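A closer look at the structure
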Amino acid sequence: MNPQAKLVFIFSLLLGTTTTITSNHWIMAWAGLEINTLSILPLISKSHHPRAIEAATKYFLTQATASALVLFSSMTNAWHTGQWDITQMTHPTSCLILTSAIAMKLGMVPFHFWFPEVLQGSPLTTGLLLSTIMKLPPITLLFMTHHSLNPTLLACMAIMSAALGGWMGLNQTQVRKVLAFSSISHLGWMTIILSFNPKLTLLNFYLYTLMTLSIFLTLNTIKVLKLSTLITSWTKAPSLSAMLLLTLLSLAGLPPLTGFLPKWLIIQELTKQNMAPMATMISLFSLLGLYFYLRLAYCATITLPPHTTNHMKQWHSHKPASTLIAISAIASTMLLPISPMISAIL
């Protein structure tokens, strides 16, 4: 792709995201979402491979439907209350339609079917954008309207997302699909706490973004797309593979790594709200995710398969890892000791 064109698309992506997260009016928020969708489409389909074109088409149709529902819910609310302000979403039907629309934009269960397919058809760098920055505007809209949304509906969708994200990731061999189901599972953790402590939702999203950034950049550096390639990639960059192991375990939420912090705070808050059964269920469902993170970590660093493999071992690379990978990997694994400071900020 032409570098100038890529720069224009990335600038439009940042413009759309900024427009949505800074707007108070529904039409401005909707316009930002549309700019976002249109600017990511060329980045998904830039390889001109049939799978990439299919992914771009699926993404466009899903996001267009979700944007139409956002517009419809805001118009219904304005019709009944005369308010276009995002924080004044009070009509029950509008809130229900808005919840469905944002769940579709994020890829939450039961609107999750498009997300693994789109991520599988995209390059790793575009997959990183889809998993992180493209989720920021819808999560901001959830944050701004959380007082109006139905907590029972959000809790049910969250539990289903955590269960399905863990369950469907178990038998995947493509790394991008595993990370897509991991994203769906994390969305469950973000949504379940939204009605009670929305700042925890944002904290979870920021830390998830940090860990996902580290994983996608590492995979992009060692050029890995599936498990069979991951098995032989440790010879190329042993230090990167070791950091990938720690970051994957952090994403799984194991102590004493960074990923344990949001899960710990969310379980604590749910228990305070007398929702211990919900906390127990979502914790048990996260064990399903732990299995496939361990599988990825095992393939990345611990062993070569006992049988002879058709894949050649890769040459050792002496090129130093980028500073961004180093910073994100350290932050992804070592932020737990400063959790009292983070809790004080919240």
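Residues numbered from 1 in each chain as written. Predicted model: local features only at pLDDT ≥ 70, side-chain atom pairs only at ≥ 80, totals over all residues. Heavy atoms only, no water.

1. Let's talk about the overall build of the chain
Secondary structure assignment for the chain yields 16 helices and zero strands. Compactness check: the chain gives a C-alpha radius of gyration of 20 Å against a globular reference of 20 Å for 346 residues, within 12% of the reference. Its C-alpha atoms give the chain principal-axis dimensions of roughly 65 × 50 × 35 Å. Each of the 346 residues in the chain was classed as buried or not, and the buried ones make up 53%. Within the chain, residue pairs in contact and separated by at least 24 positions form 78% of the contacts whose partners lie at least 6 positions apart. Surface summary for the chain: the accessible area is close to 15,300 Å², and the carbon and sulfur share equals 71%. The averaged location of the 5 negative side-chain charges in the chain is 17 Å from the averaged location of its 17 positive side-chain charges. (Helix = DSSP H or I, 4+ residues; strand = E, 2+ residues; numbered from the N terminus. Rg over C-alpha atoms; globule rule 2.2 N^0.38 Å. Buried < 20%, exposed > 50% of the residue type's maximum accessible area, 1.4 Å probe, protein only. Contact = heavy atoms within 4.5 Å. Areas by Shrake-Rupley, 256 points an atom, 1.4 Å probe, with all protein chains shown as cover. Lys, Arg positive; Asp, Glu negative; His and termini not counted. Charge placed at Lys NZ, Arg CZ, Asp CG, Glu CD.)

2. Let's talk about the environment of His80
Mapped onto the fold, His80 is located in helix α3 (residues 50-81). The exposure class of His80 is partly exposed, given its relative accessible area of 48%. Each C-alpha atom of the pair His80 and Ser94 lies 9.6 Å from the other, and the pair is 14 residues apart in sequence.

3. Things to note about the domain arrangement of the chain
Domain annotation of the chain identifies domain 1 (1-142) and domain 2 (150-305 + 321-345). On a C-alpha basis, the centres of domain 1 and domain 2 stand 23 Å from each other. Listed by partner, the interface residues are 26 residues for domain 1 and 32 residues for domain 2. Between domain 1 and domain 2 lies a buried interface of about 2,600 Å² when both sides are counted; carbon and sulfur atoms form 80% of it. Of all residues in domain 1, the largest losses of buried area upon contact with domain 2 belong to Val109, Gln120 and Leu124, amounting jointly to 27% of the total for that side. On inspection of domain 1 and its partner domain 2, the count reaches one salt bridge. The residue Lys177 makes a salt bridge to Glu117 at a minimum N-O spacing of 3.3 Å. Here domain 1 and domain 2 share five residue pairs in polar contact (both at pLDDT 80 or more) between them. (Domains from an automatic or database assignment. Buried area = accessible area lost by both parts, 1.4 Å probe. Salt bridge = Lys/Arg side-chain N within 4 Å of Asp/Glu carboxyl O. Polar contact = N/O pair within 3.5 Å; in protein donor to acceptor, adjacent residues only side chain to side chain.)

4. A closer look at the packing of helix α9 (residues 175-192) against helix α13 (residues 260-272)
Axes are the key here: two packed helices are described by the angle between their axes and the distance separating the axes. Relative to each other, α9 and α13 sit at 40°, their axes nearing to 10 Å. Our classification of the angle between α9 and α13 gives oblique. When you trace α9 past α13, the crossing you get is left-handed. For the pair α9 and α13, the contacting residues are His186, Trp189 and Ile192 in the first and Lys263, Ile266, Ile267 and Leu270 in the second. Residue classes in the contact of α9 with α13 are distributed as five nonpolar, one polar and one charged. (Axes fitted to C-alpha atoms, helices over the stretch in contact; angles between N-to-C directions. Parallel < 35°, antiparallel > 145°, perpendicular 65-115°, else oblique. Left-handed = near helix turned anticlockwise from the far one by under 90°. Nonpolar A, V, L, I, M, F, W, Y, C, P; charged D, E, K, R; others polar.)

5. Regarding helix α6 (residues 124-131)
Taken across its eight residues, α6 has six buried, putting it largely inside the fold. Among the residues of α6, Leu124, Thr126, Gly127, Leu128, Leu130 and Ser131 are the ones counted as buried. For α6, the secondary structure elements touched by its buried residues are α2 (26-44), α3, α5 (114-121), α9 and α10 (198-222).

6. Remarks on a nonpolar patch on the surface
The grouping of Phe11, Leu15 and Ile35 at the surface amounts to a nonpolar patch, some 280 Å² of accessible area in total. Checked against the element boundaries, Ile35 lands in helix α2. (Patch = residues over 30% accessible without salt bridge, like charges linked within 9 Å, V, L, I, M, F, W, Y side chains within 5 Å.)

7. Topic: the side chain of Ser122
Examined against the element boundaries, Ser122 turns out to sit in the loop between α5 and α6. Classification of Ser122 by relative accessible area gives buried; the value is 1%. For Ser122, the contacting residues outside a window of four places in its chain are Ile44, Gly127, Leu130 and Arg176.

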